[in-house]
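Chain and residue survey
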Amino acid sequence: QVRVEESGGGLVQAGGSLRLSCAASGSIFSINVMRWYRQAPGKQRDLVATISTGGNTKYGDSVKGRFTVSRDNAKNTMYLQMNSLKPEGTAMYYCNVVLWGSTADYWGQGTQVTVSS
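Reading the values: the criteria
- The written sequence of each chain sets the order in which its residues are numbered from 1.
- Only residues with pLDDT of at least 70 get local features here, since the model is predicted, and only at 80 or more are side-chain atom pairs given and counted; chain-wide, interface and lining totals rely on the full set of residues.
- Only hydrogens and water are set aside when side-chain values are computed; all heavy atoms of the structure are taken into account.
- Definition of nonpolar core: a set of buried residues of the types Ala, Val, Leu, Ile, Met, Phe, Trp, Tyr and Cys, connected through side-chain atoms within 4.5 Å.
- The buried label applies to any residue whose accessible area, calculated with a 1.4 Å probe on protein chains only, is under 20% of its type's maximum; exposed applies above 50%, and partly exposed to all values in between.
- A helix here means a DSSP run of H or I that spans at least four residues, while a strand means a run of E at least two residues long, and both kinds are numbered starting from the N terminus.
- The criterion used for residue contact is that any of the two residues' heavy atoms lie within 4.5 Å.
- Here a Phe, Tyr or Trp ring, Trp counted by its six-membered ring, pairs with any other such ring whose centre lies within 6.5 Å, and the pair is stacked when the planes are under 30 degrees apart, edge-to-face when over 60, and tilted otherwise.
- Charge over a ring is defined by NZ of Lys or CZ of Arg lying within 6 Å of the ring centre and within 35 degrees of the ring normal.
- For the purposes of this analysis, a disulfide is any pair of cysteine sulfur atoms at a distance within 2.5 Å.

Another aspect to go through is the nonpolar core. By size, the foremost hydrophobic cluster in this structure holds 29 residues, and its most contacted members are W36, L80, M82, Y93 and V97. When contributions to this core are tallied by element, the ones reaching two or more residues are β1 (2-7), β3 (18-26), β4 (31-39), β5 (46-51), β7 (67-72), β8 (77-82), β9 (91-99) and β11 (111-116). Of the residues forming this core, the biggest block, five residues, is contributed by β9. Sequence-distant contacts of Y93, that is, excluding residues within four places in its chain, are made with E6, L20, W36, Y37, R38, V48, F67, L80, M82, G110, T111 and V113.

Right under this line is the structure:
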């Protein structure tokens, strides 16, 4: 059983910053890829950032230059530093974890980020 838990969301003014965390626990041998997604009400879930075991990163076009993803492999934890937040960044942010040697992926329940204008 693998558990994924996000934290760090909240209410912030436009231009502000937040740091999200994603902690994976349970029957984990080794984590492969970790991803952040977000979903605004009535919209599809979009990929925000991806980070590999080796630290290679990719970002969605809308967050490039403002968001930074990182991870601590020893703690099975991923972070998302979000700067210069915009109102359109208001969404539920989800963590997705893929284990080495598995095709299954695991999701957390999400953490809400609200950016006021």
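The subject of this paragraph is the packing of aromatic side chains. Applying the stated criterion across every chain yields a total of two aromatic pairs. Plain terms: the ring middles of Y37 and W107 are 4.9 Å apart, the flat faces sit at 50° to each other, and that makes the pair tilted. Taken as a pair, Y37 in strand β4 and W107 in strand β10 (residues 105-107) lie far apart in primary sequence, 70 residues in all. Judged by relative accessible area, W107 falls into the partly exposed class, the value being 34%. Taking the centre distance of 6.5 Å and the plane angle of 80° together, the rings of Y94 and W107 count as edge-to-face. Here the residue Y94 occupies a position in strand β9, and W107 occupies one in strand β10, the gap between them amounting to 13 residues. Given a relative accessible area of 13%, Y94 falls into the buried group. Between the NZ or CZ atom of R45 and the centre of the ring of Y94, over which it lies, the distance is 3.7 Å. If you follow R45 out to its NZ or CZ, it ends over the ring of W107, 4.7 Å from the centre.

Across all of its chains, the model carries one disulfide by this definition. In this model, C22 is linked to C95 through a disulfide, with the two sulfur atoms separated by 1.9 Å. Negative torsions about the S-S bond denote left-handed disulfides, and the value of about -65° found for C22 with C95 makes this one left-handed. With C22 in strand β3 and C95 in strand β9, this pair connects stretches of sequence that are 73 residues apart. A residue is classified by how much of its surface remains accessible, and C22, at 0% relative accessible area, is buried. For C95, a relative accessible area of 0% translates into the label buried.

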